[in-house]
Amino acid sequence: MSLSFQDLILTLQRYWGAQGCVLLQPYDMEMGAGTFHPATVLRALGPAPWRTAYVQPCRRPTDGRYGENPNRLGAYYQFQVVLKPSPDDLQDLYLGSLTEIGIDPLKHDIRFVEDDWESPTLGAWGLGWEVWCDGMEVTQFTYFQQVGGFECKPVTGELTYGLERLAMYIQGVDNVFDLKFNDAGVTYGDVFLENEREASEYNFEVANTDRLFEAFREAVDECELCIGHKLPIPAYEQAIKASHVFNTLQARGVISVAERQAYIGRVRDLAKAACGAWLERSA
Amino acid sequence: MADFLLELLSEEIPARMQPKARNDLARMFADATGEAGLSTGAVDVHSTPRRLVLIARDVAEATEASREEVKGPRANAPAQALDGFLRKTGLTREQLEERDGVLFAVIEREGKAAADVLAETVKRIVADFPWPKSMRWGAGDLRWVRPLHGIVAILGETIVPIEIDGIASGATTVGHRFHHPGPITVGGAQDYVEKLRACHVIVDQDEREKLIAEGAAKAAGDAGLTMIEDHGLVVENAGLTEWPVPLIGRFDPDYLDVPREVIVLTMRTNQKYFACIGTDGLLAPAFVCIANIAAKDGGGAIAEGNARVLAARLADARFFWEQDVKVPLEEQAKKLDGIVFHEKLGTVADKVERVAKLARWLVEEGIVKADPNQVERAARLAKADLVTGMVGEFPELQGVVGGYLAEAQGEPKAVAEAIRDHYGAPSKPTSAAVALADKLDTICDFFAIDEKPTGSKDPFAVRRAAIASIEIIVGNGLRLALTQAVRGGLANVAGQMSTTDAAHRLDRTAPEILDFFADRLKVQQREAGVRHDLIDAVFALGSEDDLVRLLARVKALQGFVETADGTNLLTAYKRAANILKKEKWDAPGVLTSDDEQGIPQTGEEDPLVLVDEPILKEAIAEIASGQAGADLPQEKALIAALDKAEPKASAAVEKEDFAGAMAALAGLRTPIDEFFDHVTVNDPDAAKRERRLNLLLRFRDAVNQVADFSRIEG
């Protein structure tokens, strides 16, 4: 029997825990990708070795489809693995995790297809691949080269599994809401369909944009305050907040193409300042 | 002599980088061994997703020993000079030889063993490899396209020892990632390819490409379908697989209501699948994907998995399509004023306005025969798909999506086609009008704000716009005075910019654009085998800006100058032109400059001031024709020939029958040759000389009716 959604997570946790990863819990803030977690961004900087794995709920307001699209969600889960320095056998370790969750590489076609990663809001980039399983992208595999505008030395290897996609694949399900969440008859839709509907309505139609603009300004100010006090972690949290508010403003369609770059640049400056402060503090 | 094998094993190299990487590897190897003086036989390079491979045949055992003598300073030269020389040569004073008071350094180099040269070569290749993007990994400093894991370097049967950043060379590599994951040992160049084949790796990309192309076609054929050939996709899949296995998959025929281009594009770019056509000639609900394993279930699970991924993508595409089709293009077009075209040129809506105006003008001037209202409507809707969800998802499909939407929303067929095809060089009249207006506008836009292409820089693809304009004009035989159209386009820009700046520059910019077109035309026609000097010869007439007529002249000219008549006439023309130039004879009976030493030919300061006098006018016309007092038979014959050829040639030019005009001029060949053979132009008798010069002038001008022959080479 194929793994339920929750067993998929448990299996990956056990596997990566055995590789010496610290198993963290999700960060208690809204963010667009597991990479934003300070356990990835900040820990990728500086010389100290680090291994972690965690589930991170991700919110992408513009991707919401009112629960009507079988493949798109405004909120979903990523399983994030970070190994620093990246070990020589990272690809093999990763492939081992696929076998662990029931994907037989002699029956399924696993491929590493070029996909370079860049996050303009984090001032970060890396080279790697999207990993295909029978033509479906199941993981983003990246060797970080820069974060917050700073060189990563040593290099961090990052694996980001798209959990819903992977589960749909393993379970042979065509609609995300039909995923078995557990083995007791609860589906993904039972848990999250209503969330998707309400969140889409809120993000696209209801969110008060004046207050969002205000929230963006506040996050910027708080971040700068924290930088002034040489507190990189709280400063970085404010950058995460600003980034999410910006994403919601975009979903509301109130940021023009011309302004968009300016907002991204603003968030990047915050993230860079926080990263700089982190490096100073940990030096 | 032995063969050398080099394999650089890494994590997956992007498919698109492999062809250049192979060339770079071969080049760097040849350079490094060449510089070191190590001779090799044939060199083959191969790539797979995980390896770059080089096999060099017949490598010499060592480089040749050499003896070099370098002349140094005189023995009594100052100490600094001597020190400098010692430093340069790396020798001591005692090692120098003295001859006739001059010091010499004798540098003897022993032959270097091939293995040493090869080790250095490999180190240099790895250190300097020009990957488009490279990276670091782990805690190391080495850079490669993706982490480098192994170096196999074997000369004959001996390992060439190399160590690069902790990676030591050896004879061990790996086979296919899943079929043979463990280490395998190779003996050398002689068994490498076959050993790897036994481990499910086809080393040579050409062999994989062949397997993919033939296997995919067969997989489609076995299912009663025809694969749409796509060489780029074959190469890409060969760069993604070490053991390619084509598999056929199917998708729900319901998705066939999504525009065909969207289906093919998502299959191609997102999934790297080949599309198939059914026996009815229509797109079939099937695809061929290339797996990288010989799956133990025969590939059923892989085909099924890929089909599900494609279904999800097509569902997404259909979602966009259904959303987009609900919004009339006219509504979408209104949103174009929110998209900046260029900061100095306003929004896309502003551009649309200019294009619509120019397109309508093309119809109203009779240049394109189409319904002006349909042309204007097509122009106004042509860019509307830029704001649709579908084009947001598939930007390559701009135009195509708009065409489908227009059709679905009940626009006339000509309008839908024009929207679809206006980015290219279409031939239907409505489409051609919109496409040409769009391109002419782009050219005028960027010249008006002084952003014209220079050197290799052409950020706004203005050159491409000019080439496409030429294709549209020439391909459809559009009769258009380019100067007028360009001035119209520039005036549109100036009008919108609401500054007088552009208007001021109009007079300067229009000729610039014309010159730019002439250059593009030469480049474009060169590929069609048209001589650039002939295009120059026609452009030099100065009055010809109708590209269709211009090319007709050029074509006739090219046909003509390549015949014996043409070659001889050209020689005679050049001879005549040289004489006229030397004698500064540029108008009947007139010197081209006020050269004091020139002989006054008519006794008048300027004969033309008197042309109001009817009698004189006649006399001058006689002089001009060269008829007055012709005494030699060859003169008379030439005059007669000109009398015959001139009206024929002008009539033919008038009718745009340039071949006819050339044929008429061909009749001048024998008389002009005879003339030069028997008549002395520079006769001591001033009247004769003048008459003959005038006759040559008449000959030159007759020929110049078609083109300025002085620009023709040869």
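Above this note sits the structure.
Residues numbered from 1 in each chain as written. Chains lettered and ligands numbered in written order. Predicted model: local features only at pLDDT ≥ 70, side-chain atom pairs only at ≥ 80, totals over all residues.

**Q** Explain the overall build of chain A to me, please; I cannot follow it from the model alone.
**A** Secondary structure assignment for chain A yields eight helices and nine strands. For chain A, whose C-alpha radius of gyration is 19 Å, the value lies close to the compact-globule estimate of 19 Å for 283 residues. Principal-axis analysis of the C-alpha atoms places the extent of chain A at approximately 55 × 45 × 30 Å. Looking at the 283 residues of chain A, the share that counts as buried comes to 48%. A separation threshold of at least 6 residues defines the contact pool for chain A, and within that pool the share at least 24 residues apart is 67%. (Helix = DSSP H or I, 4+ residues; strand = E, 2+ residues; numbered from the N terminus. Rg over C-alpha atoms; globule rule 2.2 N^0.38 Å. Buried ≥ 20, exposed ≤ 12 C-beta atoms within 10 Å, placed from the backbone. Contact = placed C-beta atoms within 7 Å.)

**Q** Even after reading the chapter, I still don't get the overall build of chain B, so can you show me in this structure?
**A** Per the secondary structure count, chain B includes 26 helices and 20 strands. Against the compact-globule benchmark of 27 Å for 714 residues, chain B has a radius of gyration of 37 Å, which places it well outside the compact range. With respect to the three principal axes, the spread of C-alpha positions in chain B is 105 × 100 × 50 Å. Going through the 714 residues of chain B one by one, you find that 43% of them count as buried.

**Q** Just checking my understanding: could you explain the interface of chain B and chain A for this structure?
**A** Where interface size is given, it is often the accessible area lost as the parts come together that is meant. Each side of the interface is counted separately: chain B has 35 residues, and chain A has 31 residues. With ten residues, helix H8 (residues 300–326) of chain B is the single largest residue contributor to the side of chain B that touches chain A. When grouped by side-chain class, the residues that make up the side of chain B that touches chain A number 19 nonpolar, seven polar and nine charged. (Nonpolar A, V, L, I, M, F, W, Y, C, P; charged D, E, K, R; others polar.)

**Q** Is there a simple way to explain helix H5 (residues 188–206) of chain A in this structure?
**A** An α-helical turn contains 3.6 residues, so a residue and the one three or four places further along point in the same direction. Residue and element names in this part refer to chain A. An ideal rise of 1.5 Å per residue puts 27 Å on 19 residues; H5 measures up with 25 Å between its terminal C-alpha atoms. For H5, the complete set of buried residues consists of Tyr-188, Phe-192, Glu-196, Ala-199, Ser-200 and Asn-203. Down the axis, H5 shows its buried residues gathered within 110° of arc, on one side only. Exposed and facing more than 90 degrees away from the buried side of H5 are Asp-190, Glu-194, Glu-205 and Val-206. Tucked inside the fold, the buried residues of H5 contact helix H1 (5–17), strand S3 (75–84) and helix H7 (232–251). (Expected span 1.5 Å × (residues − 1). Arc of directions from axis to C-beta.)

**Q** Got a minute to help me understand the sheet that holds strand S5 (residues 97–99) of chain B in this structure?
**A** Sheets are built from strands that pair by backbone hydrogen bonding, the pairs being arranged parallel or antiparallel. All names here are of chain B. Strand order in the open sheet made by the three strands is S4-S6-S5, with antiparallel pairing throughout. Each of the sheet's edge strands pairs with one partner strand only, and the pair in question is strand S4 (66–74) and S5. Across the sheet, the mean angle separating the axes of adjacent strands is 30° when strand polarity is ignored. (Pairing = 2+ DSSP bridges. Axes fitted to C-alpha atoms, helices over the stretch in contact; angles between N-to-C directions.)

**Q** Just checking my understanding: could you explain the sheet that holds strand S14 (residues 245–250) of chain B for this structure?
**A** Residues and elements named next belong to chain B. An order of S13-S15-S16-S14 is seen for the four strands of this open sheet, with the pairing classed as antiparallel. The open sheet has two free edges, formed respectively by strand S13 (226–227) and S14, since each of these has just one partner strand. Helix H5 (residues 205–222) contacts S13, S14, strand S15 (274–277) and strand S16 (283–291) of the sheet and is inclined by roughly 30° relative to S14. Packing of H8 onto the sheet brings it into contact with S14 and S16, and relative to S14 it is tilted by some 50°.

**Q** Got a minute to help me understand the environment of Leu279(A) in this structure?
**A** Residues and elements named next belong to chain A. In this structure, Leu-279 sits in helix H8 (residues 257–282). For Leu-279, a count of 15 C-beta atoms within 10 Å corresponds to the partly exposed category. It is 28 Å that separates the C-alpha atoms of Leu-279 and Asp-115, two residues lying 164 residues apart in sequence. Ignoring any residue separated from it by four or fewer positions in sequence, one finds Leu-279 in contact with Leu-45, Gly-46 and Phe-150.

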